Amino acid sequence: MTKLLAKLPFGPWRDAGPIVSVLRLSGVIGQAGAFRQGLTMSSMAGLIERAFAPKGQAAVALVVNSPGGSPVQSALIAKRIRDLATEKKVPVFAFCEDAAASGGYWLACAADEIWADESSILGSIGVVSAGFGAHEFIERYGIERRLYTAGDKKVILDPFSPEREDGVAHLKAIQAEIHDAFKAMVRDRRGARLSGAEEELFSGAFWAGRRALELGLIDGIGDLRSVLRGRFGEKVRLRVVQEDRRWFRRMGFRVDAPVGANTLDNLAAALPAAALSAVEERALWSRYGL
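Within an unreviewed UniProt entry, the label attached to the protein reads S49 family peptidase, and the organism entered is Azospirillum brasilense.

See the structure below:
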């Protein structure tokens, strides 16, 4: 029977190469607004499951291009990837594009191997919180701040009130906990491959590809197609896992709603938030000169 099957004209199938699923992790991590789909566990769960679904595939490749964002969502997405990689016994490769910085590097660490371009920006293993202080501004224009709380620390970081030392100390303590979790993730995933001093690696600094390789943050310089062909042969097949590209799905519009609700109402409600999210996203990328 085996000899008979071997003679049948199934050449294209018989000679097909190994399959590698390709999953893109691109953009700011966390909720990004109606017009910009951020990377969250809820938005990525189905795609991650699909990436690991094929039986007998050679590997899963992550294409990472992110300046970071929410540490919680970074941890949740990375954990789901690791859980499925262990369950399916499939190796994972990460390929960094413009940036795999902060939470973006957290995602890259979900892979068994990390590859990048010479000009990719990597690292930024730290925690940042940004805000503003406008109490002098509102005083100058005679604006009275009225704020009522139950609990003396409910508004310790209120931007319209003078900065409080206990509020800053509390925030820094939280940042230290998150930073410790980030450092533990990197140590666990990179292990003995890390060659730089921890004071440098975990300072929040970031580097281009060659220096990141010297520090052990990545495993090599290379692109997805070249690396996977070198690893699995010229006939390797890249199976791209894509999201629903219908614009009304991405923007959260209801297909069964009246036209007015879909267009005018939703757009009017979404535009201010979308503008603000665009500014915040631009600021994240600009932090790395991109």
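Engineer: Teacher, can you tell me more about the overall build of the protein here?
Structural biologist: Helices and strands together make up the secondary structure of the protein, namely 12 helices and eight strands. In the protein, which comprises 290 residues, the share counted as buried stands at 39%. The contacts in the protein between residues at least 6 apart in sequence include a share of 70% that link residues at least 24 apart. Of the roughly 16,800 Å² that the protein leaves accessible, carbon and sulfur atoms contribute 56%.

Engineer: It is not clear to me how helix 7 (residues 165-190) should be interpreted in this structure. Could you clarify?
Structural biologist: Along an α-helix, a turn takes 3.6 residues, which lines up residues three or four apart on a common side. Helix length check: helix 7 (26 residues) gives 37 Å between terminal C-alpha atoms against 38 Å at 1.5 Å per residue, within 8%. Within helix 7, burial applies to Gly 167, Gln 175, His 179, Phe 182, Lys 183, Met 185, Val 186, Arg 189 and Arg 190. Check the buried side of helix 7 and you find it contacts helix 4 (71-88), helix 5 (103-108) and strand 4 (113-116). Count one or two residues on from helix 7 and you reach Gly 191, which has phi positive near 55°.

Engineer: When you look at the environment of Val 90 in this model, what are you seeing that I'm missing?
Structural biologist: With respect to the helices, strands and loops of the structure, Val 90 is situated in the loop between helix 4 and strand 3 (92-101). Here Val 90 falls in the buried class, since its relative accessible area comes to 9%. As a C-alpha pair, Val 90 and Gln 57 span 33 residues in sequence and 7.6 Å in three-dimensional space. With residues up to four places along the chain from it excluded, the contact list for Val 90 reads Phe 52, Ala 58, Ala 59, Val 60, Ala 85 and Asp 112.

Engineer: Got a minute to help me understand the pattern of salt bridges in this structure?
Structural biologist: Working definition: two side chains of opposite charge can pair if their charged atoms are close together. Here the structure, examined in full by the defined rule, presents 18 salt bridges. Across the pair Arg 80 and Glu 49 runs a salt bridge whose closest N-O atoms are separated by 3.7 Å. Residue Arg 80 is found in helix 4, and its partner Glu 49 is found in helix 3 (residues 41-51); the two are separated by 31 residues along the sequence. Glu 49 sits in the partly exposed class, given a relative accessible area of 38%. Here Asp 83 and Lys 79 are joined by a salt bridge, their closest N and O atoms 2.8 Å apart. Here Asp 83 and its partner Lys 79 are both found in helix 4, four residues apart, which amounts to about one turn of the helix.

Engineer: I'm lost on the nonpolar core in this one. Help?
Structural biologist: Among soluble globular proteins, nonpolar side chains are generally buried collectively. One finds Leu 23, Leu 25, Ile 48, Phe 52, Leu 62, Ile 81 and Leu 217 to be the most contacted residues of the largest nonpolar core, which totals 47 residues. Of all the secondary structure elements, the ones that give two or more residues to this core are strand 1 (19-26), helix 3, strand 2 (59-66), helix 4, strand 3, helix 5, strand 4 and helix 7. Ranked by the residues each element gives to this core, the list is headed by helix 3, at six residues. Residue contacts for Leu 23: discarding those within four places in its chain leaves Met 44, Leu 47, Ile 48, Ala 51, Ala 61, Leu 62, Val 63 and Val 241. Residues Val 20, Ala 58, Phe 93 and Leu 224 belong to the second largest nonpolar core, which totals 13 residues.

Engineer: Explanation requested: the packing of aromatic side chains in the structure shown.
Structural biologist: Aromatic ring pairs: the centre-centre distance and the angle between the two ring planes describe each pair. Under the definition given, this model contains three aromatic pairs. Here Phe 93 and Phe 232 contribute two aromatic rings whose centre-to-centre distance is 6.0 Å and whose plane-to-plane angle is 85°, an arrangement assigned as edge-to-face. Taken together, the residues Phe 93 in strand 3 and Phe 232 in helix 10 (residues 224-232) connect sequence positions 139 residues apart. Residue Phe 93 is classed as buried on the basis of its relative accessible area, which comes to 4%. With a centroid separation of 4.7 Å and 25° between ring planes, the pair formed by Trp 106 and Phe 182 is classed as stacked. One end of the pair, Trp 106, is in helix 5; the other, Phe 182, is in helix 7, and 76 residues separate them in sequence.

Engineer: When you look at the packing of helix 3 against helix 4 in this model, what are you seeing that I'm missing?
Structural biologist: The packing of two helices is summarised by the inter-axis angle and the distance between the axes. Here helix 3 crosses helix 4 at 15°, and the two axes come no closer than 10 Å. The angle between helix 3 and helix 4 places the two elements in the roughly parallel class. As helix 3 packs across helix 4, the resulting crossing turns out to be right-handed. Contacts between helix 3 and helix 4 involve Met 41, Met 44, Ala 45, Ile 48 and Glu 49 on the former and, on the latter, Gln 73, Leu 76, Ile 77, Arg 80, Ile 81 and Leu 84.

Engineer: Mind showing me how you'd approach a nonpolar patch on the surface here?
Structural biologist: A surface patch of nonpolar side chains, amounting to about 350 Å² of accessible area, comprises Phe 137, Tyr 141 and Ile 143. Mapping Phe 137 onto the fold places it in helix 6 (residues 135-140). According to the relative accessible area criterion, Phe 137 is partly exposed, its value standing at 46%.

Conventions we followed
Residues numbered from 1 in each chain as written. Predicted model: local features only at pLDDT ≥ 70, side-chain atom pairs only at ≥ 80, totals over all residues. Heavy atoms only, no water. Helix = DSSP H or I, 4+ residues; strand = E, 2+ residues; numbered from the N terminus. Buried < 20%, exposed > 50% of the residue type's maximum accessible area, 1.4 Å probe, protein only. Contact = heavy atoms within 4.5 Å. Areas by Shrake-Rupley, 256 points an atom, 1.4 Å probe, with all protein chains shown as cover. Expected span 1.5 Å × (residues − 1). Salt bridge = Lys/Arg side-chain N within 4 Å of Asp/Glu carboxyl O. Core = buried A, V, L, I, M, F, W, Y, C linked by side-chain atoms within 4.5 Å. Phe/Tyr/Trp six-rings, centres within 6.5 Å; stacked < 30°, edge-to-face > 60°. Axes fitted to C-alpha atoms, helices over the stretch in contact; angles between N-to-C directions. Parallel < 35°, antiparallel > 145°, perpendicular 65-115°, else oblique. Left-handed = near helix turned anticlockwise from the far one by under 90°. Patch = residues over 30% accessible without salt bridge, like charges linked within 9 Å, V, L, I, M, F, W, Y side chains within 5 Å.

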